[in-house]
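# An overview of the molecular structure
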Amino acid sequence: MFNLSSLVQKAQSLIDPTQALNLSASDRNPAKSTLFRHQFRLPDSQTPLQEITAELTISPPIQYSPNATQGEKDRDRDRGYHYAGKLHLSESYLCFSTQPTSFLQTASTSTSSGFTGQTHGAGPGGNGFTLPLCAIRRVERLHSQSYQFALAITTWNGISNNSANETSKTPAYQQKITIQLAGSRQACERFCDGLKRGLKSGVGDVGKLKRVVAECYSEYLLQGDGKKSGEPPDAGLGMLFRYPGDARKLRDRSKMRLWGEYLRENGRNVTLIRQPTFHKLIRVGLPNRLRGEIWEQTSGSLFLRLEHPTQYAETLAKYEGRDSLAIDEIEKDLNRSLPEYPGFQSEEGIGRLRRVLTAYSWTNEEVGYCQAMNIVVAALLIYMSESQAFFLLSTLCDRLLPGYYSTTMYGTLLDQRVFESLVEKTMPILWEHLVKSDVQLSVVSLPWFLSLYINSMPLVFAFRVLDVFFLEGPKVLFQVGLAILRINGEELLDATDDGAFISVLKGYFSKLDESAHPTSTNAKLRAVTRFQELMVVAFKEFSGITQSSISEQRMKHKDTVLNSIESFAKRTSIRNLGPDSKRLSTDDLGALYDRFYAILYERQMRSQMIQEETERRMKASKARAAEVVNGLGETQSVEKGRVGLGPSPTLMDYDGFREFLAGIARWAITDSPTPPEKDPASDRDKHSYFGNSVRRREVSLSPWGAGNPEPADHEFMQRLFRRWDVDMQNALTLQNVVTGIAHIKGKGDIMGSITYFFELYDDDGDGKVDREGILRISEALLFLSRRGLEGSLTPSTSMTGLSEYEAGNGGQTDGPQGTTNERFLSSVSAFIRRCFEYADPDHPQNQEAPGDSGHTDTPDPSALDVGEDSDEEEDLLDLGPEASPKRGKKSTGLPSNPPASGKQENGNQRSVSKAQAEAANAALDPSKPLHITLPTFRMVVLADELLEQFFESSFPASFRISDKLTPPGPASSSSSLTTFSNIGFNRASAASSQAASIVGSSAAGVVPPGKGLRGVLDNIVTDGMRVAAEVRRRMDEAQKELEKNAVHRPGDDEEDEEEGYDGTHTSSTYGGDAERRSVRSEDRDLLEGADAEAMSIRGQEGVSEVKTSTLSPTTPTSAEPGRARSISTATQKVVEFEQ
Amino acid sequence: MAEATAPKPSSSVKLVLLGEAAVGKSSLVLRFVNNDFQENKEPTIGAAFLTQKCNLPTRTIKFEIWDTAGQERFASLAPMYYRNAQSALVVYDLTKPTSLIKAKHWVAELQRQASPGIVIALVGNKLDLTNETSSSNPLGEDGDGEAAEGEDADGDARKISTAEAKSYAEEEGLLFFETSAKLGTNVTEVFTAIANAIPETSLKGARGPGASQASAGRTEDQSRVNLTGPRDNASKEGCGC
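Worth saying up front: this structure is predicted, and the values here are computed from it rather than measured. (Residues numbered from 1 in each chain as written. Chains lettered and ligands numbered in written order. Predicted model: local features only at pLDDT ≥ 70, side-chain atom pairs only at ≥ 80, totals over all residues. Heavy atoms only, no water.)

## Section: the sheet that holds strand S2 (residues 47-55) of chain B
Residue and element names in this part refer to chain B. Across the sheet, which stays open at both edges, the 6 strands sit in the order S2-S3-S1-S4-S5-S6 with mixed pairing between neighbours. Each edge of the sheet is formed by a strand with only one pairing partner; in this case those strands are S2 and strand S6 (175-178). With direction set aside, neighbouring strand axes in the sheet form an average angle of 25°. Looking at chain direction, S2 and strand S3 (residues 60-68) are connected through 9 bridges and run antiparallel. Note that in S3 the partner of leucine 50 across the bridge is isoleucine 65. Its contacts with the sheet put helix H3 (residues 97-113) on strand S1 (10-19), strand S4 (87-93) and strand S5 (119-125), and the angle it makes with S4 is roughly 165°. (Pairing = 2+ DSSP bridges. Helix = DSSP H or I, 4+ residues; strand = E, 2+ residues; numbered from the N terminus. Axes fitted to C-alpha atoms, helices over the stretch in contact; angles between N-to-C directions. Contact = heavy atoms within 4.5 Å.)

## Some points on the nonpolar core
Ranked by size, the top nonpolar core spans 157 residues in total, and within it Tyr405 and Met457 of chain A together with Leu122 of chain B carry the most contacts. Inspection of this core shows a minimum of three residues originating in each of domain 2 (217-267 + 275-394) and domain 3 (401-560) of chain A. With sequence-adjacent residues up to four places away left out, leucine 122 of chain B is seen in contact with Val90, Tyr92, Leu100, Ala103, Ala165, Tyr168, Ala169, Leu174, Leu175, Phe176 and Phe177 of chain B. One finds Leu584, Ile669, Tyr838 and Phe959 of chain A within the second-largest nonpolar core, a separate group that totals 74 residues. (Core = buried A, V, L, I, M, F, W, Y, C linked by side-chain atoms within 4.5 Å. Buried < 20%, exposed > 50% of the residue type's maximum accessible area, 1.4 Å probe, protein only. Domains from an automatic or database assignment.)

## Section: the packing of aromatic side chains
One pair of aromatic rings is described through two measures. These are the centre distance and the angle between the planes. Residue and element names in this part refer to chain A. A complete count under the given rule lists 39 aromatic pairs over all chains for this structure. A ring pair is formed by tryptophan 259 and tyrosine 262, whose centres lie 6.1 Å apart and whose planes are at 75°; its orientation type is edge-to-face. On the criterion of helical spacing, the pair formed by tryptophan 259 and tyrosine 262 is a turn pair, its members being 3 residues apart in helix H10 (residues 252-266). Across the pair, tyrosine 262 and tryptophan 259 agree in class, each one buried. Note on tyrosine 508 and phenylalanine 509: the rings are 5.8 Å apart at their centroids and 55° apart in plane angle, and the pair reads as tilted. A relative accessible area of 2% means that tyrosine 508 is categorised as buried. Take phenylalanine 509: its relative accessible area is 6%, and that puts it in the buried class. It is arginine 283 that lies over the ring of phenylalanine 539; its NZ or CZ is 4.2 Å from the centre. Seen from the ring of tryptophan 362, arginine 322 lies directly overhead, with NZ or CZ sitting 5.1 Å from the centre. (Phe/Tyr/Trp six-rings, centres within 6.5 Å; stacked < 30°, edge-to-face > 60°. Lys NZ or Arg CZ within 6 Å of the ring centre and 35° of its normal.)

## Overview of the interface of chain B and chain A
Listed as interface residues are 32 residues of chain B and, on the opposing side, 38 residues of chain A. Summing both sides of the interface, chain B and chain A together bury roughly 3,100 Å²; the carbon and sulfur share of this comes to 56%. Residues aspartate 438 of chain A and arginine 83 of chain B are paired through a salt bridge, measuring 2.6 Å at the closest nitrogen-oxygen approach. Across the contact surface, chain B and chain A share 11 residue pairs in polar contact (both at pLDDT 80 or more). Mapped by element, the contributors of at least two residues to the side of chain B that touches chain A are S3, helix H2 (78-82) and H3 of chain B. A total of 6 residues in the side of chain B that touches chain A trace back to one element, the largest contributor, which is H3 of chain B. Looking at the side of chain B that touches chain A residue by residue, the class counts come to 16 nonpolar, 8 polar and 8 charged. (Buried area = accessible area lost by both parts, 1.4 Å probe. Salt bridge = Lys/Arg side-chain N within 4 Å of Asp/Glu carboxyl O. Polar contact = N/O pair within 3.5 Å; in protein donor to acceptor, adjacent residues only side chain to side chain. Nonpolar A, V, L, I, M, F, W, Y, C, P; charged D, E, K, R; others polar.)

## Observations concerning the sheet that holds strand S4 (residues 128-132) of chain A
Residue and element names in this part refer to chain A. Read from one edge to the other, the open sheet built from 8 strands follows the order S5-S6-S7-S1-S2-S3-S4-S8, with strand pairing classed as antiparallel. Each edge of the open sheet carries a strand with a single partner, namely strand S5 (136-142) and strand S8 (273-274). The pairing of strand S1 (residues 50-58) with strand S2 (residues 81-89) spans 9 bridges and is antiparallel. In the sheet register, threonine 53 faces S2, and the bridge partner there is lysine 86. Docked against the sheet, helix H2 (residues 32-40) engages S2, strand S3 (93-97), S4 and S8, running at close to 75° with respect to S3.

Listed below in structure tokens is the structure:
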């Protein structure tokens, strides 16, 4: 049984173990570039191009002295700080980190993800810098004795001040860093070449850089003392409405001084170098006016802003005046975001909040707006400008809190689960107590995470947590949460219900500024506040909580969480399907839901894969020219379409619909051979199918996915699609599908079925189906029945006589199924004829027309039995001889003379056509337009027992939803399973194997007795379709003739035509359409029919290689059936192997 | 522990509020707990937790109220909050037809997924926006949407007739009230009715100091007997899964 758990399994391979929630489409070996970006907090455009071991020397800032001797320069280098680490180069960044991480393709995952372990307060970037190449002013290669390869980098530090007093002047604080490269000369040269290229392309971005840093408060702060010019840049609402907390108590002034010193020596904003003091300064809390800028720097949102400095303003301008659901939701919450802060009681503050939230909702419509974002953004806006807050919000949603604010909030739920498991691990006694007293931890901790402690703790403390959070990442939220529980452990152990539990914590948060040890005699200890204690506990006691341990836990719980969300979504969705859904069982609805979304998901994954593959191929060819290391360039793609992860596609297009039908109805699977595109190795490799290993493998670019049965594309399916698409949006929702199925399956009465079918073909809804429609209906009937009929079509007494007759004629007794199929064909033939007989002429002067046919034209249903019998007989007389000899011949496996049988069949075929032609003679006269109405249609259907049964049971039953497809015959049951890689699509595979079994056995039928029936019958059905095609063709021809000749002589024309078709007309008229071949080519088809079928299986199964000669070589009919047989037996062999 | 002078047993009852955004869930709670009304209430992140006692003639019920966020995407968090809830208040806005649909979904969800025997009250809020007084509804027919719309002509913002909601409530075995959190109409009544409808048996396992005594107070009051009838049926259905 197919269900979403198979998707879950599949999703496993997509998850990146170190960044579990970023869901990059990678398997267990996460993309190096993702890790690289995470370590240095770089935008998604960056990939690691080169890296080299290096030593960084930071000298104290020097006055620019162009005349300094070489010796002086060397001395400068000896002074200052030295850091050993790795230097990385991406497209537009030069990064240095003391973390010994490597992002080479050859590096192991642990080396690449080393930064997610213990960072000792330095954050993932470690000590070092993340320098945009456009911020580098000059790079000099130093010649020295001690180092072979040393670079002196001069940055655009203080660029905005420069612009104020002309560029030619020397900046007051010139930043110069020296880097010694360690590596072979060649490696160093290569790195320098790369750097040179990057620098060249970075030159153009200097303008952007200027603009971006101008918004940084540090630029203003570091302006020459005393001569500060101009307005300070926007450092948040705090500048207008004061910053929260008592500045004196927060010692804001001295913090500012310390930061001023640090920035002076180590660069600012984009040119900042992270030394240990930097991290210490962050731990003690940021000064108000620099807080926003440092947040921006440590989180990496600064780099996003550098990439698109105008994106915020552009987004606002672009969507000005537009409305959306998100905007409605935002409006509701604007007045209630940090209402205690004066800035948000003013229009100014509310306006900023509105703009930032709105702009973000437009840039990420999938997330839109989630409550809690208002609180977070309000907090950000106290310290930073709108544009800064906008980019920081993006960074939060995309990278730091992935999935927290998504429409399913899976990130939030997952992290709650992770938090619980961490509590269980680190505080087992407390955990046990919680379980025993039935307190659900997440109801308490969820707001902590969702709004980053902002509305749980007093603001001043929440901001201290944020300071560290932006530097160190999401693990901080866990560490603080655990510390809160640890500190309050004893009191919590006394709390026995949610209420008490919550009030303990509420009380604690309100006393965070009090002394942690009020009774201590030690004054120093007394001075320690509870918040300081919290920080110490969080980062010392829980230092073992690292990003990688959290990722590991996320991996572990992801499935459970997603499954519960999905089952919730499914439950809700099914419940909301409306009254039509009541006609189907809950199981059916569940199965429909699963199938519907599975197909959408599958299709999305497939198109993404195909796209990636195309890109990869393009890139690969480009890469060779550009010397880009292959494999590094792949872009991070996100697992999409899974219901639990947020908005997933909800509309199914026509191709999706075909695929959907192919999964539930046998007739919807194509007959035409699919090209054997798969290489067997890739099929076996199921797990990497969706993984990013794709990039290393050739994948099939088939739109149906390797191994899935290719759906047919019949006019009937198009009609069905249009009928179901009640909203006329050229796509179906789950609701449409359920309603559609419910109308077919749920009614369970034959009249409903007949009416439904009739309406499908009543294009203009006038209650009439014209000649064209009648032919289309009969084609559809044959199309639907060509793989046999569902349900039990019991041979009736009236039919028995015919069967006997037939049996006598052919000397062969058929199984009931076979008889049914043959009979169905004749029923359809009779159907066409009767339709024309009883059709109402469109014009009164044509009333006489039906009489010309020479058949009984009694419209009285009671008299139909007689007429029917004669009709049937006539048909069967034609068909019987055709079918029987073949059957006899094949079941015995005796060789027969191919030309002879061909002639015979040809003759039969012709006589069928002739009978048809005669029957439809008058009706075919295009000068006499006619139509049938629903009552006529109903009458014609009910006149035939088989058709009646078809509409009563087999048509509705052919849609198999949750009732399993009948187990395929053992002979060919698993043929598809072995060769199809259907990745969890058991249903699809069942369907395909079913299909294969039918077709397969028809092929096999050439030789083994008993199985020949199917093949023969299939041929007959195919013939039937040709008959219909023939009638159609004739109509067209007649039309043409009519146009040509003023005088119309139907009888002669028909005869002449018949002759004509044997010749050249054939290919020109029907070339390319297998089902519409004319008589002559049919001869060959009849002989080779089995082979054609075999070819089609072969195509479907991709077993073309399995051309064995293990089978009896006696296939005298022709070489073709022999091959067909060999394939069928090969299939059987595979089955045996499987079993 | 309860003193000798106050022999009334007391027990805790977990109550969860569910419903579409902006139907007035938080306002109902605020009215019940603080007898207050605010135009701009802070948004509920996840859920808010409040408690309030409800004095019945025979016992005291301490409501532990989980007021959930209404935004659609928070719906997937709801199971966390209605877990173990003995009662639920499903709120809709009687001026907004979609909110009743959402309320019905919540009722179905609770009946299938929440603890069996949960007492559910359907509450139509914002009665103050209609121009009628209390429960005298001129509409006689049951649940006819067209007829309800006809009422609009009198400048009445009501979109969901009392009869429509009531018949649905009866069908599902729910308590039913129309309230105004703004004016305080019927708010305490809702909670009292729920308190009365909580069967003694489900208080047995209740937490808190009154739990052991709850089973001792066996005195039945009339209303409870009446109210439990249909609800028991509903809970039986709920057990189905």
